[in-house]
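The lines below spell out each chain.
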Amino acid sequence: MPHRPTPRSVLRAFLASESAGGMLLIVAAALAMLVANSSFGPAYHHAIHAVTGPVLADAIGPMTVHLWINDGLMAVFFLLVGLEIKREFVDGRLASWDRRRLPMIAAAAGMAVPALLYTLLAAGTPGLARGWAIPAATDIAFAIGVLALLGRRAPTSLKLFLVTVAIVDDMGAVAIIALFYTAQIDLAALGAAAAVLAVMAACNRAGVRRLSVYVPLFGLLWYAMLLSGVHATIAGVLAATAIPFERTPDAPDSATSPLHRLEHALHPWVAFAIVPLFGFANAGVDIGGLTAAQIFSPLPLGIAAGLFLGKQVGIFGSVWLSVKLGIAGPLRGATWWQVYGVALLCGIGFTMSLFIGGLAFPGDPLLVEEAKIGILMGSLAAALAGFVVLRIAPLHPRHDAIAREARAEIDADGDVRDTSDAATN
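Residues numbered from 1 in each chain as written. Predicted model: local features only at pLDDT ≥ 70, side-chain atom pairs only at ≥ 80, totals over all residues. Heavy atoms only, no water.

## Description of the packing of aromatic side chains
Taken as a whole and judged by the stated rule, the model has 10 aromatic pairs. Seen in terms of ring centroids, F77 and F78 are 5.4 Å apart; in terms of plane orientation they differ by 90°. Their pairing is edge-to-face. A residue is classified by how much of its surface remains accessible, and F78, at 0% relative accessible area, is buried. Seen from their ring centres, F278 and F355 are 6.2 Å apart, and the 45° between their planes marks the pair as tilted. Separated by 77 residues along the polypeptide, F278 in helix α10 (residues 258-282) and F355 in helix α14 (residues 350-360) bring together distant segments of the chain. For F278, a relative accessible area of 0% gives the class buried. Judged by relative accessible area, F355 falls into the buried class, the value being 3%. One aromatic cluster is present, built from ring pairs that chain together F77, F78, F278 and F355. (Phe/Tyr/Trp six-rings, centres within 6.5 Å; stacked < 30°, edge-to-face > 60°. Buried < 20%, exposed > 50% of the residue type's maximum accessible area, 1.4 Å probe, protein only. Helix = DSSP H or I, 4+ residues; strand = E, 2+ residues; numbered from the N terminus.)

## So, the packing of helix α13 (residues 336-345) against helix α15 (residues 365-392)
Contact pair α13 / α15: the axes reach a minimum separation of 8 Å and the direction vectors enclose 165°. Between α13 and α15, the angle is such that the two are roughly antiparallel. Of the two elements, α13 crosses α15, and the hand of that crossing is left-handed. Contact residues: α13 offers W337, Q338, Y340, G341, V342, L344 and L345, while α15 offers A382, A383, A385, G386, F387, V389 and L390. Of the residues in the contact of α13 with α15, the class split is 11 nonpolar, 3 polar and no charged. (Axes fitted to C-alpha atoms, helices over the stretch in contact; angles between N-to-C directions. Parallel < 35°, antiparallel > 145°, perpendicular 65-115°, else oblique. Left-handed = near helix turned anticlockwise from the far one by under 90°. Contact = heavy atoms within 4.5 Å. Nonpolar A, V, L, I, M, F, W, Y, C, P; charged D, E, K, R; others polar.)

## A look at the packing of helix α6 (residues 156-180) against α14
The geometry of α6 relative to α14 is characterised by a closest axis approach of 11 Å and an angle of 10° between their N-to-C directions. Comparing their axes, α14 and α6 come out roughly parallel. Of the residues in α14, those touching α6 at D170, A173 and I177 are M352, F355, I356 and L359. Grouping the amino acids of the contact of α6 with α14 by side-chain chemistry returns 6 nonpolar, no polar and 1 charged.

## Examining the nonpolar core
Among the nonpolar cores identified, the biggest contains 113 residues, and F77, F161 and F361 are the most heavily contacted of them. With 12 residues, α6 is the largest single contributor of residues to this core. Setting aside chain neighbours within four positions, we find F77 in contact with V270, I274, V275 and M352. (Core = buried A, V, L, I, M, F, W, Y, C linked by side-chain atoms within 4.5 Å.)

## Some points on helix α3 (residues 65-91)
In a regular helix each residue adds 1.5 Å, so 27 residues correspond to 39 Å; α3 covers 37 Å between its end C-alpha atoms and thus fits that length. The largest bend along α3 reaches roughly 35° and is located at M74. Where burial is concerned, most of α3 is hidden: 22 out of the 27 residues are buried. (Expected span 1.5 Å × (residues − 1). Bend = angle between axes of the 7 residues up to and from the residue.)

## Some points on the side chain of N70
Relative to the assigned elements, N70 resides in helix α3. The class of N70 is buried, set by a relative accessible area of 9%. Among the polar contacts made by the side chain of N70, one reaches the side chain of N282 at a distance of 3.2 Å. (Polar contact = N/O pair within 3.5 Å; in protein donor to acceptor, adjacent residues only side chain to side chain.)

This is the structure in structure tokens:
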């Protein structure tokens, strides 16, 4: 992969691509809904479930278009997630415990409260308990896309807080998938995956920096994980831990760092192709024959309530308590109404929620469709409510001055160390 210079401001480039990717995801999801509820609906469902290749693993059967997207392409999405997590923990916004404290508290509460609310509303119904993690995730691209529509009414500190919480949230989602949504384990295949990962780690320690070595090994790791029974996308996060990384404290990403080069190369493909394609393949729900009883049945109601109510209560409540108890300082340049608006936006689950929904009910297409309805209802309500609150919320008295300071710091450093007190206190 050729070397190329990195953008002057890594954060600004990241937010710009996430915003554009989030808007494209919104369009893809809306298009899927339109197609699924039109005369093209049967052709749409036939196309995404068409068999396109041989049986790669006895546990999942023939590979369909849907499986290639969810188990194959999404492994690349998880690879990017893993690269971002590693960079942030080693040399970014989460590099110290002072910076990790508030995002970790907010993300943990933002996962626990929705799961608890879902459990109270739905888990008592037979067969629904496995869906507890569906409303626990936040879709960063979708949420940033909504923030982008607000322009200057969304302070930089809010965007940074949202990104940081979503990164910690992704870590939790990956752990949940690995621990709670794993089928029967094939120990031989799992051992093969461990051996491939060990080879990648050994290459890292030996100073091998060529991505042409790591990318094929990632392919082998993905296949071994597919055969093992552990969800294949976990291979992406595991592979990210072995990619060599060059620290650049207080400076933009290094153009020679393998991790930085791979992350910058993957980001456009993930944001503008893989995630929208995933949204298009998974958001198509036929709502023509839905009744009020189905919409407000325990599964969709539990998911929607978890996303819309659980997220805002968990995240806003934990931030408010942390500030009041002196655990962290308030976000610079943001009012409490704006913090509440971002807590609402964190209820946009979509990508990760759709992904977990498919894992929670793999043998019951009807429950998967009901889960999609709940995800769409909760995410749409959170997006609209968050947008309205942020649109009408009063700006911080020092908003413009703090925003100029933040932009200057981002341009100077290419990182986001101190633009939000919440990241440093």
